[in-house]
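Geometric and topological summary
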Amino acid sequence: MLLTLDKVSAAYGQSRVLWDVDLAVPAGGALALIGRNGVGKTTLLNAIMGIHKIISGRLTFDGAVMTGMAAYLRARAGIGYVPQGRHVFSHLTVAENLATGLAALDQRAGVERRIPDYVYDMFPKLATIAGRKAGFLSGGEQQQLAIGRALAGRPTLLLLDEPTEGIQPSVVQEIEQALRRIRAELGVTIVIVEQYLDFAWSFAERYAVMQRGRIVREGSTADEQADEIAHLVNI
């Protein structure tokens, strides 16, 4: 398994928000993490990335235990993160935003520190607006930029938090196609938090349902219909 969580718990102060989460994601796989707002999905991604501290349990990535490792070291190890709300640098250009993703390549031997060609191949629009300030982009363009910035660090695992939120349908389709190619052509493993279940079911072969900080159900998207799961989590 590329990513394994064993009894992982996390808290905000004295309030625990993750309870003994077990999760295993194979290399090259795609997992959709679903559930109502406030059940701990974003906290779980932050715990995997190292942004939120794990108070108990163990996290293993690519054979190495990373439970207490800093976020920047996890990025260097190959974990890319696209947070909810995109969080691009509005005062920087598209090209400058993409260049910030290269920080994940620090101290990684044998890797050229430049924006990979495949970023512009996956998202051609970024090449045409490379000199534009990110603050003037549409929501869909900012989302493509956020994903491209994560890809610039050449990750082996990509975490995405609500990538279709506030995006027009035509751009959602472009993002879906790009994610398919990211898996097929780059071999990147994907863990996605997504409320739009049809989108998640379109390319993820596994799902995990969260309720109250716990994973309460897992399965294959080939064996379950999205509307059945939507009823389960009341989305």
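Below, the structure is looked at part by part. (Residues numbered from 1 in each chain as written. Predicted model: local features only at pLDDT ≥ 70, side-chain atom pairs only at ≥ 80, totals over all residues. Heavy atoms only, no water.)

**Quick notes on helix H1 (residues 41-49)**
Of all nine residues in H1, eight are buried, a share of seventy percent or more. Those residues of H1 lying buried are Lys41, Thr43, Leu44, Leu45, Asn46, Ala47, Ile48 and Met49. One or two steps after H1, the chain reaches Gly50, where phi turns positive at roughly 95 degrees. (Buried < 20%, exposed > 50% of the residue type's maximum accessible area, 1.4 Å probe, protein only. Helix = DSSP H or I, 4+ residues; strand = E, 2+ residues; numbered from the N terminus.)

**Section: the layout of surface pockets**
Taken as a whole, the largest pocket spans an internal volume of roughly 490 Å³. Every residue lining the largest pocket is counted, 22 residues in all, and those nearest its centre are Met49, Ala75, Tyr81, Thr100 and Gly101. Contributing elements (two or more residues each) for the lining of the largest pocket: helix H2 (71-77), strand E6 (79-82) and helix H6 (139-152). Element by element, the count of residues in the lining of the largest pocket is highest for H2, at four residues. (1 Å grid on protein atoms, 1.4 Å probe; cavity = no way out; pocket = protein on both sides within 12 Å on 5 of 7 lines; lining within 4 Å. Points joined across faces, edges and corners; volume = space filled by probe spheres on them.)

**Here's the deal with H6**
Between its first and last C-alpha, H6 extends 20 Å over 14 residues, near the 20 Å set by a 1.5 Å rise per residue. Judged by how many residues are buried, H6 sits mostly within the fold: 13 of 14 residues are covered. A positive phi of about 50 degrees marks Arg154, the residue just after H6. (Expected span 1.5 Å × (residues − 1).)

**A look at the nonpolar core**
In terms of nonpolar packing, the biggest core is built from 47 residues, with Ile147, Leu158 and Leu179 touching the most fellow members. Residues contacting Ile147, with those up to four places away along its chain left out, are Val82, Phe123, Leu158, Leu160, Ile175 and Ile182. Val39, Met49, Leu159 and Val193 belong to the second-largest nonpolar core, a separate cluster that totals 32 residues. (Core = buried A, V, L, I, M, F, W, Y, C linked by side-chain atoms within 4.5 Å. Contact = heavy atoms within 4.5 Å.)

**With respect to the packing of aromatic side chains**
As enumerated under the stated definition, the model contains three aromatic pairs in all. Look at Phe199 and Phe203: their rings are 5.6 Å apart centre to centre, the planes differ by 80 degrees, and that puts the pair in the edge-to-face class. Taken as a pair, Phe199 and Phe203 lie in helix H8 (residues 197-203) at a separation of four residues, close to a single helical turn. Note on accessibility: Phe199 and Phe203 belong to one class, buried. Taken together, the aromatic side chains of Tyr196, Phe199 and Phe203 make up a single cluster linked through ring pairs. Taking the ring centre of Trp19 as reference, the NZ or CZ of Arg16 above it sits at 4.8 Å. (Phe/Tyr/Trp six-rings, centres within 6.5 Å; stacked < 30°, edge-to-face > 60°. Lys NZ or Arg CZ within 6 Å of the ring centre and 35° of its normal.)

**Structural notes on the pairing of strand E7 (residues 157-161)**
Of all five residues making up E7, five are buried, and the element is well covered by its neighbours. Burial of the side chains of E7 extends over both faces: Leu157, Leu159 and Asp161 are buried on one face and Leu158 and Leu160 on the other. Pairing analysis gives four bridges linking E6 to E7, with the strands arranged parallel. Note that in E7 the partner of Val82 across the bridge is Leu160. Sheet topology note: the E7/strand E8 (residues 189-193) ladder contains five bridges and is parallel. By the bridge assignment for E8, Leu157 is matched with Thr189. (Pairing = 2+ DSSP bridges.)

Any functional reading would require information beyond the geometric quantities listed.
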